[in-house]
Amino acid sequence: MRVIKVSIRNLYKESIIGTATGRTGSKELHVYDFDDTLVDTRTSDLRVRVYKVLPGGEEELMDTLSSEQFATYSMPTSGQIKMDFSDFDRAPSTLGLKEKWVDFVESLRNKDIEVIILTARSADKPVQEFIRQKLDDPDIDGAGLEVPHIKALGNSDPLKKSAYIKDMVVEQGFTVVRFWDDSEKNVVAVRALAAEFE
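Residues numbered from 1 in each chain as written. Predicted model: local features only at pLDDT ≥ 70, side-chain atom pairs only at ≥ 80, totals over all residues. Heavy atoms only, no water.

*Asks:* I'd love a proper account of the packing of helix α4 (residues 158-172) against helix α5 (residues 184-191), names of residues and values included.
*Replies:* Look at α4 against α5: their axes get within 8 Å of each other, and the N-to-C directions meet at 40°. By the angle between their directions, the pair α4 and α5 is classed as oblique. Crossing handedness for the pair α4 and α5: right-handed. Facing P158, L159, K161, S162 and I165 of α4, the residues of α5 in contact are K185, N186, A189 and V190. Grouping the constituent residues of the contact of α4 with α5 by class yields 5 nonpolar, 2 polar and 2 charged. (Axes fitted to C-alpha atoms, helices over the stretch in contact; angles between N-to-C directions. Helix = DSSP H or I, 4+ residues; strand = E, 2+ residues; numbered from the N terminus. Parallel < 35°, antiparallel > 145°, perpendicular 65-115°, else oblique. Left-handed = near helix turned anticlockwise from the far one by under 90°. Contact = heavy atoms within 4.5 Å. Nonpolar A, V, L, I, M, F, W, Y, C, P; charged D, E, K, R; others polar.)

Shown next, in the form of C-alpha cells:
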C-alpha cells in the first residue's frame, strides 16, 4: 500500500503542496496563472462581459469586468447568463509585468523544475507569443530560456485547474507543487487537493 502525505502553506496567494510519495529525491512542478499573476491586465482594454439572456433570446449587458474584478465576481444566481471572454483571445505586448514575473523567470532558470502556465484562457498561442517576446527582451535577461508549456483550459472553473494539477501529480509523480494565482478561488481549489492526497 502506498501512503501519500501532504503539507500545505500559503504565501501571498501561493499555495505549496508537498507530497511524500516514498520515492527518493523530489520532482518539483511550478504552476503559474497568466492574467493578473504574471501580467497586469487591469490597465489594458481586456474585459470579460457578462450578459443576461432575456426570454426572447436577446442579450442584455450586465457587467464589464477586468480579469482582476472577474476573479472575485459573484455570479447572478437566477436567470440565464452568458459570458464573453473574447478579449482574452489576445495578449497585447503592452501588458505590464507583475512582481511574480521575477519568480517565474527564476523558475525557468532552474532546470530541475518543470514550469507550466495554467490559464483560463481558451487559446495558448497569444500567451506563448507574449512570453517569447518578453524573454527575448534584453531588459528581462531571459535570453536562452525556453517558453514553458502553456495549458489553456478555456474555462474559469477553479476545479478545472485543480483537476489538471492533480492529473500531473498522479501521472508524472511530482513530489512538490508550487502554485501562483491571483484568484483566491483557484488557490482554495488547489489547496483542497491536499485532502485527496492524505
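*Asks:* Tell me about the sheet that holds strand β7 (residues 80-84), and name the residues and values.
*Replies:* With respect to topology, 3 strands assemble into an open sheet ordered β6-β5-β7, the strand pairing being antiparallel. Strands at the two margins of the open sheet, each flanked by one partner only, are β6 (59-65) and β7. Sheet twist, expressed as the mean angle between neighbouring strand axes with direction ignored, is 25°. (Pairing = 2+ DSSP bridges.)

*Asks:* Let's hear about α5: which residues, and what values?
*Replies:* The periodicity of an α-helix, 3.6 residues per turn, causes residues three or four places apart in sequence to face the same way. What α5 keeps buried is the set N186, V187, A189 and V190. Projected down its long axis, α5 carries its buried residues within an arc of 160°, all on one side. (Buried < 20%, exposed > 50% of the residue type's maximum accessible area, 1.4 Å probe, protein only. Arc of directions from axis to C-beta.)

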